[in-house]
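# Descriptive analysis of the structure
In case you want the letters, here they are:
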There are 2 protein chains.
Amino acid sequence: MHRHEGHDACHAGTGDTLARAEALCRERGLQFTPLRREVLEAVAEAGKAQGAYDIAERLSAPGKRVAPVSVYRALDFLMEQGLVHRIASRNAFIPCAHGHAPGEGVIFLICRTCGGVDEASSEEVEGSLGRTLERAGFTPTHSILEVEGDCGACRERKQAP
Amino acid sequence: MHRHEGHDACHAGTGDTLARAEALCRERGLQFTPLRREVLEAVAEAGKAQGAYDIAERLSAPGKRVAPVSVYRALDFLMEQGLVHRIASRNAFIPCAHGHAPGEGVIFLICRTCGGVDEASSEEVEGSLGRTLERAGFTPTHSILEVEGDCGACRERKQAP
DNA sequence: GCGGCGGTGATACACTGTAACAAAGCCGTG
DNA sequence: CACGGCTTTGTTACAGTGTATCACCGCCGC
């Protein structure tokens, strides 16, 4: 089993994320263009889930406007490569903290206080979910598991203010 | 444990849903107004997840326009009462097939072929998820579990056409 | 009657996402 | 090098999702 302990205990730094992305694209013969790099960088630097328009604004400067549609295209690419994830309950995006296989069951832990998002995975959860689906006669192609609550750090901060 | 077997094997009929809603509102001293009734009815009749604008259009007739904002308010009410659920991955709404306590872990099984949505629940999944969250030091307040795939009926239809 | 309250109507607006087409860059072949 | 095909990006327009605000109505209690 493989999981996370504390909040951002193991978040890769922005630099690591970019380096990993670049290596991965070279390996797969894909273009890690400046725009894609900037979008990934913006998502990685933010520390919390970012909306596409947030990213567009973040990348825009006087004289250089980045349109949301460009951000969406870059995000689509990055998601296909497993470099960012979409948080469906927030319409927002986060950098992928590790390299999962696409489709592997990831659990998103969304802190309602600090807005940070951790990733976890659990073979136990996947196993029990798989059995439940099988009993229901349902063949899964993709699943979303998002949990909202308080991360350890924020809970402590609340208890001892 | 409590779960569903086949596709809509136990979907309550529209009439049942409305009767249950009416009883529940009376019991809680809340108003089950015509608009709320119509919105619930529209969601229940559809057979698949409906967007708020779909519902608004469905309820509108020449000379009687129902604005989306009214639909949203009715949906908010119905969700608070646990009578409808929101499918985050689709921005759409379905009637609740049973009476869950709000916050109880429900698994949505979304058929990518017929668009139908079944509900399932599993103490096994809930238990393993709870343990995983505890190990991660995360205190959950609400969780979303949505699975996309093929329901039994659609899978059979594909295999033997 | 009168005031308060919840529900509804209506308008406006912000946010999220996609379609369609044009322009620019890359890369192979002849 | 020229050419043609491909991917990426820019631009515009638009569809879909959701919220804020204010006005109006109906009901209930005083």
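Located above this text is the structure these notes cover.
Let me begin by describing the structure that accompanies this report. Treat the numbers as computed from the prediction; the structure is a model and nothing was measured.

What follows concerns the overall build of chain A. A tally of helices and strands in chain A yields six helices and five strands. The order of α-helices and β-strands along chain A, N terminus first, is α-α-α-α-β-β-β-β-α-β-α. Put simply, chain A has 161 residues, and 33% of those count as buried. Across chain A, contacts joining residues at least 24 apart in sequence account for 56% of those joining residues at least 6 apart.

This next bit is on the nonpolar core. Counting residues in hydrophobic clusters, the biggest one holds 77 residues, and the most contacted among them are A:Leu109 and B:Leu109. Dropping the residues within four chain positions of it, A:Leu109 is found in contact with A:Val117, A:Asp118, A:Ala120, A:Val147, A:Cys151, B:Ala136 and B:Phe138.

Two quantities define a packed helix pair, namely the angle between the axes and the distance from one axis to the other. Residue and element names in this part refer to chain A. Where helix H1 (residues 14–28) meets helix H2 (residues 34–46), the closest approach of the two axes is 9 Å, and the angle between their N-to-C directions is 150 degrees. Where H1 crosses over H2, the two elements pack in a sense that is right-handed. In contact with Thr-14, Thr-17, Leu-18 and Ala-21 of H1, H2 contributes Arg-37, Leu-40, Glu-41, Ala-44 and Glu-45. Considered class by class, the residues forming the contact of H1 with H2 number four nonpolar, two polar and three charged.

Attention shifts here to the relation of the copies chain B and chain A. Between chain B and chain A, which share one sequence, the superposing operator has a rotation angle of 180 degrees and an axial displacement of 0.0 Å; the RMSD is 0.1 Å. One copy is carried onto the other by what is essentially a two-fold rotation axis. Among all C-alpha atoms of chain B, that of B:Leu145 lies closest to the rotation axis, at 2.3 Å. A symmetric contact is evident, with 100% of the interface residues of chain B recurring at the interface of chain A.

Inspection of the region around DNA strand D gives 19 residues, with A:Thr33, A:Leu35, A:Ser70, B:Gly51 and B:Val69 positioned closest. If you list the elements that add at least two residues to the surface near DNA strand D, you get H2 and helix H4 (68–80) of chain A together with helix H3 (52–59) and helix H4 (68–80) of chain B. Considering each element in turn, the surface near DNA strand D owes the most residues, four residues, to H4(A). Looking at the surface near DNA strand D residue by residue, the class counts come to eleven nonpolar, five polar and three charged.

Right, let's get into the interface of chain B and chain A. Contact with chain B, which involves 37 residues of that partner, is made by 37 residues of chain A. Of all the secondary structure elements, the ones that give two or more residues to the side of chain B that touches chain A are strand E3 (107–111), strand E4 (117–120), helix H5 (123–135), strand E5 (139–150) and helix H6 (152–159) of chain B. The element best represented in the side of chain B that touches chain A is E5(B), accounting for twelve residues. Taken together, the residues that form the side of chain B that touches chain A break down as 14 nonpolar, 13 polar and ten charged. The sheet contact formed by strand E5 (residues 139–150) of chain A and E5(B) spans eleven bridges and is antiparallel.

Moving on to H4(A). Residues three or four positions apart in an α-helix share a direction because the helix packs 3.6 residues into each turn. Residues and elements named next belong to chain A. The end-to-end C-alpha distance of H4 is 18 Å, a good match for the 18 Å that 13 residues give at a rise of 1.5 Å each. Buried residues in H4 make contact with H2, helix H3 (52–59), strand E1 (84–87) and strand E2 (92–95). Once H4 ends, the next one or two residues include Gly-82, with phi positive near 75 degrees.

Close contacts around DNA strand C come from 18 residues, with A:Gly51, A:Asn91, B:Thr33, B:Leu35 and B:Ser70 the closest. Counting only elements with at least two residues in the surface near DNA strand C, the list comes to H3 and H4 of chain A together with helix H2 (34–46) and H4 of chain B. A total of four residues in the surface near DNA strand C trace back to one element, the largest contributor, which is H4(B).

Attention now moves to the pairing of strand E2 (residues 92–95) of chain B. All names here are of chain B. Here E2 shows two buried faces, one formed by Ala-92 and Ile-94 and the other by Phe-93 and Pro-95. Here strand E1 (residues 84–87) pairs with E2 via four bridges, running antiparallel. Paired with Ile-87 across the strands is Ala-92, a residue of E2. Between E1 and E2, which pair antiparallel one after the other, the connecting turn spans four residues, and Asn-91 there sits at a positive phi close to 50 degrees.

Structurally, the position occupied by B:Thr139 is in strand E5. Overall, the presence of 17 C-beta atoms within 10 Å leaves B:Thr139 in the partly exposed class. Once residues within four sequence positions are removed from consideration, B:Thr139 is found in contact with A:Gly149, A:Asp150 and A:Arg155.

With respect to topology, six strands assemble into an open sheet ordered E4(A)-E3(A)-E5(A)-E5(B)-E3(B)-E4(B), the strand pairing being mixed. The open sheet has two edge strands, strand E4 (117–120) of chain A together with E4 of chain B, and neither has a second partner. Sheet twist, expressed as the mean angle between neighbouring strand axes with direction ignored, is 20 degrees. Across four bridges, the pairing between strand E3 (residues 107–111) of chain A and E4(A) is antiparallel. Residue pairing across strands places A:Leu109 opposite A:Asp118, the latter belonging to E4(A).

Reading guide: rules and limits
Residues numbered from 1 in each chain as written. Chains lettered and ligands numbered in written order. Predicted model: local features only at pLDDT ≥ 70, side-chain atom pairs only at ≥ 80, totals over all residues. Helix = DSSP H or I, 4+ residues; strand = E, 2+ residues; numbered from the N terminus. Buried ≥ 20, exposed ≤ 12 C-beta atoms within 10 Å, placed from the backbone. Contact = placed C-beta atoms within 7 Å. Core = buried A, V, L, I, M, F, W, Y, C linked by C-beta atoms within 7 Å. Axes fitted to C-alpha atoms, helices over the stretch in contact; angles between N-to-C directions. Left-handed = near helix turned anticlockwise from the far one by under 90°. Nonpolar A, V, L, I, M, F, W, Y, C, P; charged D, E, K, R; others polar. Least-squares fit on C-alpha atoms with pLDDT ≥ 70 in both. Near = placed C-beta within 6 Å. Pairing = 2+ DSSP bridges. Expected span 1.5 Å × (residues − 1).

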